Amino acid sequence: MIDSRNWPDILWREWHHTQDEAYAKQLHFALSKDNIGQPDPADTIQGRPLLSEVEAALRQGLRQSASLRKVWSGRLERLDRAKDEYLSVGQAVRDLSHVHWFRRFLGRHLLFEIGGHAVEVLEDVAYNGSSYGQEDARWVLYCISIDTTARLAAEPDRWVCPDCWVGCEQLWIDRPWRSDWQFYGCRNCRRSRELLHRSQEMVVLLDNRSSGLSYNDGLIRANWFTRRALFDFDHIEITQATDEEVERFVVQVGNDTDPWRRSRYPQMRCTIGADCQLSTNTIRILHSRFGWVEQTTL
Ligand SMILES: [Zn+2]
């Protein structure tokens, strides 16, 4: 936790541990000009602060130190603008080996912001690339591991990717000669930011008059007709669909190879709306896949 007192310690630790000499010089310049604290000999024991801690400490420092404002306020505005724009993994990775220290800083912090989507490219730079950017790539990977574990590990399947409509799981950062680091992200695309948190069940809706996904009070209802492909759900709600459409959905479920979902189908509840007229055969097929099938009455 960064507060009004410990931000200088965080920045001094960053100064102590960074391998980037030009960046260390900038930190030293801003911190020593206002005589803000002193480097603590315990720095070496505490280790390097995480990228998120450095960013929070810089923001706290802007409120309290004129010299820090002078060096960092425009630069943090630039970081914020870059975060609001399209985040390009390729550009951010190239920035890691840029000649200017601030572009290297931007590269590190933007890749951390991108999170799980950047892991594959970072692994390549960290363990297969040239020496440029290797150290930074490893550090960003470590920070992604710590950050996603802290945010998502307690209930990974409750964090749903808005692109894939699939929950998160434990994934691995491949370190060829050492034990792998874990991180958490979408089971399908590894996304680890701006996920939807569901506190209630996730419903697959079969309604051929509409499409899309709604998210209210932790309840996600996603219409199968949007993509006609499977995603995570705990409950099936058929409000309007033909026999053929329902059968196609059930065939997909039968052929599903996703282990997380496969084990859940036999316990799932399927509700058929009172207005939806399905044949006895279609209802029999639904019974063969899901635990409970019930038709609501008017
Ligand atoms: Zn995804």
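This is a predicted model, so every value here is computed, not measured.

> An account of the side chain of D258 is requested, with residue identities and associated values reported.
Mapping D258 onto the fold places it in the loop between helix 10 (243-255) and helix 11 (259-262). A polar side-chain atom of D258 sits 3.0 Å from a polar atom in the side chain of R187. A polar atom in the side chain of D258 sits 3.1 Å from the backbone nitrogen of R261.

> Can you tell me about the domain arrangement of the protein, naming the residues and giving the values?
Here the protein is described as being made up of domain 1 (1-85) and domain 2 (198-295). Taking only C-alpha atoms into account, the centre of domain 1 sits 51 Å from that of domain 2.

> Help me get a handle on the coordination of the zinc ion, residues and values and all.
Each protein donor to the zinc ion is listed here as C161 (SG), C164 (SG), C186 (SG) and C189 (SG); together their distances run 2.3 to 2.4 Å. As a motif over one chain, the donors of the zinc ion read C-x2-C-x21-C-x2-C. With C161 in the loop between strand 1 (159-160) and strand 2 (168-173) and C186 in strand 3 (residues 181-186), the pair connects residues that are 25 residues apart, well separated along the chain. Its relative accessible area of 0% is what places C161 among the buried residues. Note on C186: relative accessible area 0%, which makes it buried.

> Explain the pattern of salt bridges to me, and be specific about the residues and the numbers.
A side chain of one charge can pair with a side chain of the opposite charge when the charged atoms of the two come close. The full count for this structure, using the stated rule, is 24 salt bridges. A salt bridge links R108 to D20; the nearest nitrogen and oxygen atoms lie 3.8 Å apart. Of this pair, R108 sits in helix 7 (residues 101-114) while D20 is found in the loop between helix 1 (7-17) and helix 2 (21-33), placing the two residues 88 residues apart along the sequence. The exposure class of R108 is buried, given its relative accessible area of 0%. Note that R191 and D163 form a salt bridge whose closest N and O atoms lie 2.8 Å from each other. Highlighted residues: R191 in the loop between strand 3 and strand 4 (196-197) and D163 in the loop between strand 1 and strand 2, separated in sequence by 28 residues. Assessed through its relative accessible area of 15%, R191 is described here as buried. Look at D163 and you get partly exposed, because its relative accessible area is 39%.

> Account for unusual backbone geometry, naming residues and giving values.
Leaving glycine aside, a negative phi is the common case for residues, and trans is the common case for peptide bonds. The phi torsion at W165 lies on the positive side, around 60°, for a residue other than glycine. One can find W165 in the loop between strand 1 and strand 2. The exposure class of W165 is buried, given its relative accessible area of 5%. One non-glycine residue, E194, lies in positive phi territory at about 50°. Residue placement: E194 occurs in the loop between strand 3 and strand 4. The exposed category is assigned to E194, whose relative accessible area is 66%.

Rules used in this analysis
- Residues numbered from 1 in each chain as written.
- Predicted model: local features only at pLDDT ≥ 70, side-chain atom pairs only at ≥ 80, totals over all residues.
- Heavy atoms only, no water.
- Helix = DSSP H or I, 4+ residues; strand = E, 2+ residues; numbered from the N terminus.
- Polar contact = N/O pair within 3.5 Å; in protein donor to acceptor, adjacent residues only side chain to side chain.
- Domains from an automatic or database assignment.
- Donors = N, O, S within 2.8 Å, 3.2 Å for Na, K, Ca; no water.
- Buried < 20%, exposed > 50% of the residue type's maximum accessible area, 1.4 Å probe, protein only.
- Salt bridge = Lys/Arg side-chain N within 4 Å of Asp/Glu carboxyl O.

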